[in-house]
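Fold and geometry: a report
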Amino acid sequence: MEFRAIGDTGIVEVVAAHVIVNDAEDGLDLVGNVYYQGFEKVILHKENILVDFFDLKTGLAGEILQKFSNYRVRLAIVGDFSGHASKSLQDFIRESNSGKLVNFLSSREEAIDRLSI
């Protein structure tokens, strides 16, 4: 796993070739690492999160996103979410995107724009 700062924006992109967030503890570790390094805005790719995160019945999304909320670290999850047909997940994504704390976006560029606000 690698942390790549995006210029002097205060945004860090997490780059990894595998799943790095498997549970709430991994989410807390990620938030702690990012926060310790002085970042308050994170870009995380969908592929780096356990697929169970996107099944809201597991409660994993709520547990992990609570860690980001507790530290007031903004999160942009980047990926194609169209394959997740669950109405509850689509509603959750839409609701999250209406705020600033957690956003589900289709591209890195879109994430940078949203986190720069």
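Our subject is the structure that appears above.
Residues numbered from 1 in each chain as written. Predicted model: local features only at pLDDT ≥ 70, side-chain atom pairs only at ≥ 80, totals over all residues. Heavy atoms only, no water.

What follows concerns the sheet that holds strand β5 (residues 102–105). Reading across from one edge, β1-β2-β3-β4-β5 is the order of the five strands in this open sheet, with mixed pairing throughout. What marks the edges here is a single partner per strand, and that holds for β1 (2–5) and β5. When the angles between neighbouring strand axes are averaged without regard to direction, this sheet yields 25°. Relative to strand β4 (residues 74–78), strand β3 (residues 41–45) runs parallel, the two being bridged by five bridges. Among the inter-strand pairings, H45 is bridged to a residue of β4, identified as V78. (Pairing = 2+ DSSP bridges. Helix = DSSP H or I, 4+ residues; strand = E, 2+ residues; numbered from the N terminus. Axes fitted to C-alpha atoms, helices over the stretch in contact; angles between N-to-C directions.)

Another aspect to go through is a negative patch on the surface. Among the surface-exposed residues, D23, E25, D29 and E63 lie close enough to one another that they form a single negatively charged patch. Secondary-structure assignment places E25 in helix α1 (residues 24–36). With a relative accessible area of 49%, E25 lands in the partly exposed category. (Patch = residues over 30% accessible without salt bridge, like charges linked within 9 Å, V, L, I, M, F, W, Y side chains within 5 Å. Areas by Shrake-Rupley, 256 points an atom, 1.4 Å probe, with all protein chains shown as cover. Salt bridge = Lys/Arg side-chain N within 4 Å of Asp/Glu carboxyl O. Lys, Arg positive; Asp, Glu negative; His and termini not counted. Charge placed at Lys NZ, Arg CZ, Asp CG, Glu CD. Buried < 20%, exposed > 50% of the residue type's maximum accessible area, 1.4 Å probe, protein only.)

A ring pair, where both rings are aromatic, is described by two values, the distance of the centres and the angle of the planes. Counted according to the given criterion, the structure contains five aromatic pairs. Centre to centre, the rings of Y35 and Y71 are 5.5 Å apart; their planes meet at 65°, and the pair counts as edge-to-face. You can see Y35 sitting in helix α1 and its partner Y71 sitting in helix α2 (residues 60–71), a full 36 residues away along the chain. A relative accessible area of 41% means that Y35 is categorised as partly exposed. Its relative accessible area of 35% is what places Y71 among the partly exposed residues. On the numbers, 5.9 Å between centres and 45° between planes, the contact of F54 with F81 is tilted. With F54 in the loop between β3 and α2 and F81 in the loop between β4 and α3 (87–97), the pair connects residues that are 27 residues apart, well separated along the chain. Accessibility classification places F54 together with F81 in one group, the buried group. Linked through ring pairs, F53, F54, F81, F92 and F104 together constitute an aromatic cluster. (Phe/Tyr/Trp six-rings, centres within 6.5 Å; stacked < 30°, edge-to-face > 60°.)

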